[in-house]
Amino acid sequence: MLAVREFEAVAEQLLDPVYYDYIAGGSRDEVTVRANEEGFARLSLLPRVLRGSAERDLSVTLFGAKSSMPVLISPTAFHRLVCAEGEIATARAAARADTVMIASMASTVAVGEVAAAARAAAPDGDPTLWFQLYLQPDLDDTTALIARATAAGCRALVVTVDSPVLGANERNSRNHFHDLPPGMACENLRNLRGDEPGNVRQIAMSPELSWDHIDWLREHTKLPVLLKGVLHPEDARIAVSHGVDGLLLSNHGGRQLDTVPATIDLLPEFVAAVDGSVPVLLDGGVRRGTDVVKALALGAAAVGVGRPIVWGLATAGEDGAARVLELLREELDHTVALCGARGLADLTPDLVRPAAGSRW
């Protein structure tokens, strides 16, 4: 396949329609799902010329770990719905690409097994794995999850904060899809407590979570802490004041509150609010190397992709996910060259303009 978007069409043909809808769908009218991709289309690239460089360095260092490119795997749940190996295949693909995988708390493979698969596939045996965490109202459960992620070798915690309640996915309601099929479970929540052998606890959403919980988390881990799902610039400033190490600008792929803006539209103001104090990453709607360049030029340190990885898994397992990553790498390098950039440091805001008829 020659483009990332092509994987979705193939995956739709291969998957149970209920599972396809679960992955493709978003909240309510899915306005934000569409807006994420449309936001990139509303921006144009204005290249520079005659800057002279035969090769381009695409690598990036995030929280002390080097990635071969600024394209990461954002957390998505339930990979075994589309591929028998599930997150093991995803981890191998990320390791082969020498990039970061953010392992989902709602993984159908336990984080320890995911980490072991990544280590076995990484050329140097030292892959970079982060762990996505929903803070649980019972802090003992959160402590146990942090311990598991740390023991597995995860190098950062990515805390999702945009889910005080579960988003309203009408596709799932129409399909009566409210639980995993027999034989699958959120394995990171199995045996979470010593007095519940074999039990798999449910992920709890809580509207009572507050900034005090972020302070508590900072006291209970030495790992870098990123917040995923902060959208308002004022919340970005508050997050920095509470000592977070990074922010992942994300609207949950349009799966939580519908009609929030595309993340790329929010990026300039968000970056200005943080003012260089912590790295800002972005996900939502990234499908082309040109999308990656636009985000980096507007101040993102890296971007994440979610659904495209799942479509790759559904199409060809580990090799499909790896192909998605390599397509984005090839397109990123090609776009950087055509923009007259010698590397990522040359991707500056002056390269991006609103498309004709659009407003900034």
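Here, every reference points to the structure presented above.
Read on for a plain summary of the structure. No experiment lies behind these values; they were computed from the predicted model shown.

## Concerning the packing of aromatic side chains
Logical step 1: By the definition in use, this model includes five aromatic pairs.
Logical step 2: What links up through ring pairs into an aromatic cluster is the set Y19, Y22, F78 and F177.
Logical step 3: Sitting over the face of the ring of Y22, R255 holds its NZ or CZ atom 4.8 Å from the ring centroid.

## Some points on the environment of A41
Logical step 1: By the element assignment, A41 lies in helix α3 (residues 31–41).
Logical step 2: Of the residues examined, A41 reaches a relative accessible area of 59% and is grouped as exposed.

## Topic: unusual backbone geometry
Logical step 1: Although it is not a glycine, L50 sits at a positive phi angle of roughly 55 degrees.
Logical step 2: By secondary structure assignment, the location of L50 is in the loop between β1 (43–45) and β2 (60–62).
Logical step 3: Owing to a relative accessible area of 87%, L50 belongs among the exposed residues under this scheme.
Logical step 4: A positive phi angle, close to 55 degrees, is found at N191, a residue other than glycine.
Logical step 5: You can see N191 is positioned in the loop between α7 (170–175) and α8 (211–219).

## What about the nonpolar core?
Logical step 1: Formed by 106 residues in total, the largest nonpolar core has its most connected members in F131, L247 and L282.
Logical step 2: Here this core takes 13 residues from helix α12 (residues 307–338), the largest share from any one element.
Logical step 3: If sequence neighbours within four positions are ignored, F131 has contacts with I102, A103, S104, M105, V111, L145, A149, C154, A156, L157, V158 and N188.
Logical step 4: Counting residues in each nonpolar core, the second largest holds twelve residues, with L72, A156, V158 and A302 among its members.

## Examining the state of the cysteines
Each disulfide consists of a covalent bond between the sulfur atoms of two cysteine residues.
Logical step 1: Summed over all chains, the structure comprises zero disulfides.
Logical step 2: This cysteine, C83, is not joined by any disulfide, and C186 carries the nearest cysteine sulfur, 17 Å off.
Logical step 3: Free of any disulfide, C186 has its nearest cysteine sulfur in C154, 16 Å distant.

Criteria and thresholds
- Residues numbered from 1 in each chain as written.
- Predicted model: local features only at pLDDT ≥ 70, side-chain atom pairs only at ≥ 80, totals over all residues.
- Heavy atoms only, no water.
- Phe/Tyr/Trp six-rings, centres within 6.5 Å; stacked < 30°, edge-to-face > 60°.
- Lys NZ or Arg CZ within 6 Å of the ring centre and 35° of its normal.
- Helix = DSSP H or I, 4+ residues; strand = E, 2+ residues; numbered from the N terminus.
- Buried < 20%, exposed > 50% of the residue type's maximum accessible area, 1.4 Å probe, protein only.
- Core = buried A, V, L, I, M, F, W, Y, C linked by side-chain atoms within 4.5 Å.
- Contact = heavy atoms within 4.5 Å.
- Disulfide = S-S within 2.5 Å.

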